[in-house]
Amino acid sequence: MTAEQLISFARGAPSLDIVDVDGLKAAAVRAFEADPAGVTAYGTAVGYPPLREWIARKHGVEAGQVLVTNGSLQADAFLFDHLVKPGDAVVVERPTYDRTLLNLQQQGGQVHAVTIQPDGIDTAELRKLLESGVRPKLAHIIPNYQNPAGVTLSLSKRHELLDLAAEYGFIIFEDDPYADIRFRGEPLPSMLSLDTRGLVVHASSFTKTVCPGVRVGYLVGQPDLIAAIVKRATNLYISPGMVAEAIVHQFCVSGDIDRSIAAVSAALRDRSQALAEALRRHIPQARFTEPDGGYFLWIELPSDVHVDDLAPAAAERGVAVVKGSDFVLDGGQHALRLAYSAVGADRIEEGVRRLAAAMDAVRR
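Residues numbered from 1 in each chain as written. Predicted model: local features only at pLDDT ≥ 70, side-chain atom pairs only at ≥ 80, totals over all residues. Heavy atoms only, no water.

**Considering the overall build of the chain**
And then number 1: The helix and strand tally for the chain stands at 13 helices and 13 strands.
And then number 2: By the compact-globule yardstick of 21 Å for 364 residues, the chain fits well, its C-alpha radius of gyration being 21 Å.
And then number 3: Overall, the C-alpha framework of the chain stretches about 60 × 55 × 35 Å when taken along its three principal axes.
And then number 4: Of the contacts formed within the chain by residues at least 6 apart in sequence, a portion of 75% connects residues at least 24 apart.
And then number 5: For the chain, the centre of its 36 positive side-chain charges and the centre of its 45 negative side-chain charges are spaced 2 Å apart. (Helix = DSSP H or I, 4+ residues; strand = E, 2+ residues; numbered from the N terminus. Rg over C-alpha atoms; globule rule 2.2 N^0.38 Å. Contact = heavy atoms within 4.5 Å. Lys, Arg positive; Asp, Glu negative; His and termini not counted. Charge placed at Lys NZ, Arg CZ, Asp CG, Glu CD.)

**Description of the side chain of Asp122**
And then number 1: Along the chain, Asp122 falls in the loop between strand 5 (120-121) and helix 6 (123-131).
And then number 2: Despite being buried, Asp122 has no salt bridge partner; Lys157 is the closest side chain of opposite charge, sitting 5.4 Å away.
And then number 3: In this structure the side chain of Asp122 is engaged in a polar contact, spanning 3.4 Å, whose partner is the side chain of Gln117.
And then number 4: In this structure, Asp122 is in contact with Val114, Thr115, Gln117 and Lys157, ignoring residues within four places of it in sequence. (Buried < 20%, exposed > 50% of the residue type's maximum accessible area, 1.4 Å probe, protein only. Salt bridge = Lys/Arg side-chain N within 4 Å of Asp/Glu carboxyl O. Polar contact = N/O pair within 3.5 Å; in protein donor to acceptor, adjacent residues only side chain to side chain.)

**Re the sheet that holds strand 12 (residues 322-323)**
And then number 1: Spatial strand order, 10-13-12: three strands in an open sheet with antiparallel pairing. At either margin of the open sheet sits one strand with a lone partner, and together these are strand 10 (296-300) and strand 12.
And then number 2: The pairing of strand 10 with strand 13 (residues 335-339) spans five bridges and is classified as antiparallel. By the bridge assignment for strand 13, Phe296 is matched with Ala339. (Pairing = 2+ DSSP bridges.)

**Re the nonpolar core**
And then number 1: Membership of the largest hydrophobic core comes to 51 residues, with the highest contact counts inside it found for Leu51, Ile172 and Phe206.
And then number 2: Examining the composition of this core, we find that six residues originate from one element, helix 10 (residues 242-253), more than from any other.
And then number 3: Non-local contacts of Phe206, meaning those with residues more than four positions away in its chain, are made with Leu51, Trp54, Ile55, Cys211, Val214, Val216, Tyr218, Val248, Cys252 and Ile257. (Core = buried A, V, L, I, M, F, W, Y, C linked by side-chain atoms within 4.5 Å.)

**Description of the packing of aromatic side chains**
And then number 1: Counted under the stated rule, the structure contains eight aromatic pairs.
And then number 2: Judged by centre distance (6.0 Å) and plane angle (55°), the rings of Tyr178 and Tyr295 are tilted. Of this pair, Tyr178 sits in the loop between strand 7 (171-175) and helix 8 (191-194) while Tyr295 sits in the loop between helix 11 (256-282) and strand 10, and the two are 117 residues apart along the sequence.
And then number 3: For Tyr178, a relative accessible area of 5% corresponds to the buried category.
And then number 4: Taking relative accessible area as the criterion, Tyr295 reaches 0% and is therefore assigned buried.
And then number 5: Members of the aromatic cluster, each reached through a chain of ring pairs, are Trp54, Phe206 and Tyr218.
And then number 6: The ring of Tyr295 is capped by Lys208, whose NZ or CZ atom sits 4.9 Å from the centre of that ring. (Phe/Tyr/Trp six-rings, centres within 6.5 Å; stacked < 30°, edge-to-face > 60°. Lys NZ or Arg CZ within 6 Å of the ring centre and 35° of its normal.)

**Concerning helix 13 (residues 345-362)**
And then number 1: For helix 13, spanning 18 residues, the distance from its first C-alpha to its last is 27 Å, which sits close to the expected 26 Å at 1.5 Å a residue.
And then number 2: For helix 13, every residue scored as buried is listed here: Ile348, Gly351, Val352, Arg354, Leu355, Ala356, Ala358, Met359 and Val362.
And then number 3: Those residues of helix 13 that are buried are in contact with strand 1 (7-8), helix 11, helix 12 (307-316), strand 11 (319-320) and strand 13. (Expected span 1.5 Å × (residues − 1).)

**Thoughts on the side chain of Asp195**
And then number 1: With respect to the helices, strands and loops of the structure, Asp195 is situated in the loop between helix 8 and strand 8 (200-205).
And then number 2: The buried charged residue Asp195 lacks any salt bridge partner; its closest oppositely charged side chain belongs to Arg197, at an N-O distance of 4.9 Å.
And then number 3: Only 3.2 Å separates the side chain of Asp195 from the backbone nitrogen of Gly198, close enough to count as a polar contact.
And then number 4: In this structure, Asp195 is in contact with Leu162 and Val200, ignoring residues within four places of it in sequence.

**Structural notes on the pairing of strand 7**
And then number 1: Counting buried residues in strand 7 gives five out of five residues, a clear majority hidden from the surface.
And then number 2: By the alternation rule, side chains of strand 7 split into Ile171, Phe173 and Asp175 and Ile172 and Glu174, which are all buried.
And then number 3: One ladder, built from four bridges, connects strand 6 (residues 138-141) with strand 7; its direction is parallel. Bridging across to strand 7, Ala139 finds its partner in Ile172.
And then number 4: Handedness of the β-α-β unit built from strand 6, helix 7 (residues 155-168) and strand 7 comes out right-handed.
And then number 5: Sheet topology places strand 7 next to strand 8; four bridges connect them, and they run parallel. Within strand 8, the position partnered with Phe173 by the bridge is Val201. (Right-handed = clockwise from strand over helix to strand, strands pointing away.)

Take a look at the structure:
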């Protein structure tokens, strides 16, 4: 199967046609012309200072509350390393990002998964868990177009989570790399912006709004927490990549990022709609919530379709998918995460047609 023949719903990354390569090339030239000393130096563990300040302004915080990292996954890892010790309780959504599960388990955290609903985490289920005596160090929440479920946390639940965190003494880790990629409805305020009690640590990334290759993410939190993590970052790598961060800074201050977000959002809107329509035509038994933005759509399949059988059968037919079981501690045997970000709208229907054929072949 050649790369041209394969249709991949597996990777949450934009296709090259919606990456602003020319804008990034121009930003790179400007970065080296504007600040050759800063771009080529070791720099500081807090990240490229002008980008740090731009991020601080974006979120309405002080620069001392921002740490710029090599991708948001490294921001996650720094936070987990700082807060979570072996045996500590942590709350995650069910399903959740597979690398979050892996990282928390590697830290020795006691993971409690709370069900996702169409409007986000089931706060009633979370309250019952807390009332049972569980005292988590943190709750990991992906509020916008959740990976992998594609759902968005409602405004009322954002407030409820903040109240629960205050009542039971845990940190909300707002993992929010998709927020700007909205193509339906009105944007909701981040929990960071709603927080008046120092309960939220916020992470995001330029992976989805610029391109994955820049590997630039960041963490926003209380100054003492950020300062403690900066010490760890200094010892680990001295500093993150100044070249990539300076390019991202120029891309942002020029306004290119706004044009990039608009282009990516428009393309993903079309792809999301094409995927939903194709599923209704070819796999009408599939249950799903259409996302308001982001990269992913999560489908629940009939009980006689097992994804351990379906994934290889789909691969044989030239379509790549990710099993739902990768995103939960247990279960997920009848679910798939479909990433529409890298598949042109003209190829999505053929991909779903192949997936439907694979389903017919493996039904038990």
